[in-house]
Amino acid sequence: DKYAPLKKTIKDIFDQSRQHYGYRRMCIELRHMGTVVNKKLVYKLMKQQGLASKIRRRRRYNSFKGHSSNIAENLLNREFDVDQPNQKWVSDVTEFRVANRKVYLSPLMDLCDRRIISFTVSTSPTTAFTAASLKAAFELEKPAKELIVHTDQGFQYQHSSWRDLIGKHHGVQSMSRKGNCYDNAVMENFFGHLKAEMFHGEVFHSVDALIAEIDDYITWYNTQRRQERLN
C-alpha cells in the first residue's frame, strides 16, 4: 500500500485532535507538517480507516422573550473580521444537562483570532455569572477604548452589572437584533463545535467532570485546534 505511511500520519493526527478533525482540517494540519496532499485523497484515506469527525446537531434558535428595556444598537453589524486584537469581543450563554442538573457556560471571544479570552461556568445563569467572565476578560487583556462587546438581548446583558463593566473600561455595548442568531454567528458556531466535539455522545457523571472537560477543551481549542479561516 503506497499510502500506508500517509494513512498512519493521518491516524496519528486524528487521535491527537481528540478525534475531531474532518478531512478539511486534516489537510491544513498536513500542510503545516510539510505534506501537500489533495483533499479528495485525504477524504478517501480517512474513509478507508473509518475516521470521521463528529457532526454538529442542528438546533432551533430560541430568542430572549423577557423584557427589553436596555437594548443596545447592533454596532457589530455582522462585521466579524478584525485585524487587531481587543477591538471586537462577542459573548453568549449556552446550556448543558448533566447528572439531572443544568450547567451554563459564559465565554468571551476575541473576533481577531477567535480565541476564548475567559469563561465562567455555573449551575445558575445569573447576572453575576456572566459579569464575572467579562470582568476576567478585561483584567486579562486590558483593552484600549472603544472596544465593542457584542451579545444577544439576554437579560444578563441588559443588566447594569454588564453594562457598567463595559462603560467602566470605556467600551461600547452592541446587541443582536431581536430573534436573529446570525448577528452573533461566530459565537453560535463555537458552541456548535464545542457540543459536537466535546459533549454530545459522551457521558458525564457529575457537574465537576463536565467543568473539567470544558476547561480542557477550551485550552485545546485556543492552542491546538486548526482553523480554516486562519489557514
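K.L.:
Explanation requested: the overall build of the chain in the structure shown.
P.N.:
For the chain, the helix and strand inventory stands at eight helices and six strands. For a compact globule of 231 residues, the expected C-alpha radius of gyration is about 17 Å, and the chain comes in at 19 Å, within 12% of that figure. Seen along its three principal axes, the alpha-carbon backbone of the chain occupies a region of about 65 × 45 × 30 Å. In the chain, buried positions account for 45% of the 231 residues. Accessible surface, the chain as shown: approximately 12,600 Å² in total, 47% of it carbon and sulfur. Measuring between centres, the 37 positive side-chain charges of the chain sit 6 Å from its 26 negative side-chain charges.

K.L.:
I keep staring at the pairing of strand β5 (residues 148-151) and nothing clicks. Help me out?
P.N.:
By the alternation rule, side chains of β5 split into I148 and H150 and V149 and T151, which are all buried. Here four bridges tie β5 to strand β6 (residues 172-175), and the two strands are oriented parallel to one another. Looking at the pairing, T151 lines up with M175 of β6.

K.L.:
Would you mind going over the nonpolar core with me for this structure?
P.N.:
Generally speaking, a soluble globular protein has its nonpolar side chains buried in company with each other. Within the largest apolar cluster, 41 residues are counted, with the highest numbers of intra-cluster contacts made by I10, M26, F96, M109, F190, M198 and L210. Elements supplying a minimum of two residues to this core: α1 (4-16), α2 (23-32), α3 (39-48), β2 (94-98), β3 (101-110), α7 (185-199) and α8 (207-223). Membership of the second largest hydrophobic core comes to 15 residues, among which are A137, F138, L147 and M175.

K.L.:
Teacher, can you tell me more about α8 here?
P.N.:
Residues separated by three or four positions in an α-helix point in the same direction, a consequence of the helix having 3.6 residues per turn. Taking 1.5 Å of rise per residue, the 17 residues of α8 would be expected to cover 24 Å, and the 25 Å separating its terminal C-alpha atoms lies within 8% of that figure. Along α8, the residues classified as buried are V207, L210, I214, Y217, I218, W220 and Y221. Take α8 and look down its axis: the buried residues cluster within an arc of 160°, on one side only. Seen from the open side of α8, the exposed residues pointing more than 90 degrees away from its buried face are D208 and T223. The inward-facing, buried residues of α8 contact α1, β2, β3, β4 (115-122) and α7.

K.L.:
Before we go on, may I ask you to explain the side chain of Q156 in this structure?
P.N.:
Structurally, the position occupied by Q156 is in helix α5 (residues 155-158). Residue Q156 is classed as buried on the basis of its relative accessible area of 7%. Those residues in contact with Q156 that lie beyond four places of it in its chain are V93, P125, T126, T127, T130 and W162.

K.L.:
Please clarify how the packing of α7 against α8 should be interpreted in this entry.
P.N.:
Axes are the key here: two packed helices are described by the angle between their axes and the distance separating the axes. It is at 11 Å that the axes of α7 and α8 come closest, and there the two elements cross at 120°. The pairing of α7 with α8 is recorded here as oblique in orientation. Our pair here, α7 against α8, has a crossing hand that is right-handed. Residues F190, H193, L194, E197, M198 and F199 of α7 pack against L210, E213, I214, Y217, I218, W220 and Y221 of α8. Here the contact of α7 with α8 is built from residues that sort into ten nonpolar, one polar and two charged.

K.L.:
Teacher, can you tell me more about the environment of A99 here?
P.N.:
Looking at the secondary structure, you find A99 in the loop between β2 and β3. A relative accessible area of 40% means that A99 is categorised as partly exposed. When the C-alpha positions of A99 and G50 are compared, they lie 31 Å apart, and in sequence the two are 49 residues distant. When residues no more than four places from it in sequence are discounted, the contact partners of A99 are F204, H205 and S206.

K.L.:
Would you take a moment to explain the pattern of salt bridges for this structure?
P.N.:
Side-chain pairs of opposite charge can arise where the charged atoms are in close proximity. Considering all chains together, one arrives at twelve salt bridges under this definition. Salt-bridge contacts for E79 lead to K88; the nearest nitrogen and oxygen are separated by 3.8 Å. Note on K88: relative accessible area 14%, which makes it buried. Taken together, the shared-partner salt bridges connect R78, R177 and D183 into one network.

K.L.:
How should the environment of Y43 be read in this particular structure?
P.N.:
Looking at the secondary structure, you find Y43 in helix α3. Separated by 21 residues in the primary sequence, Y43 and G22 place their C-alpha atoms 8.2 Å from one another.

Reading guide: rules and limits
- Residues numbered from 1 in each chain as written.
- Predicted model: local features only at pLDDT ≥ 70, side-chain atom pairs only at ≥ 80, totals over all residues.
- Heavy atoms only, no water.
- Helix = DSSP H or I, 4+ residues; strand = E, 2+ residues; numbered from the N terminus.
- Rg over C-alpha atoms; globule rule 2.2 N^0.38 Å.
- Buried < 20%, exposed > 50% of the residue type's maximum accessible area, 1.4 Å probe, protein only.
- Areas by Shrake-Rupley, 256 points an atom, 1.4 Å probe, with all protein chains shown as cover.
- Lys, Arg positive; Asp, Glu negative; His and termini not counted.
- Charge placed at Lys NZ, Arg CZ, Asp CG, Glu CD.
- Pairing = 2+ DSSP bridges.
- Core = buried A, V, L, I, M, F, W, Y, C linked by side-chain atoms within 4.5 Å.
- Expected span 1.5 Å × (residues − 1).
- Arc of directions from axis to C-beta.
- Contact = heavy atoms within 4.5 Å.
- Axes fitted to C-alpha atoms, helices over the stretch in contact; angles between N-to-C directions.
- Parallel < 35°, antiparallel > 145°, perpendicular 65-115°, else oblique.
- Left-handed = near helix turned anticlockwise from the far one by under 90°.
- Nonpolar A, V, L, I, M, F, W, Y, C, P; charged D, E, K, R; others polar.
- Salt bridge = Lys/Arg side-chain N within 4 Å of Asp/Glu carboxyl O.

None of the figures reported here should be taken as evidence of function without further support.
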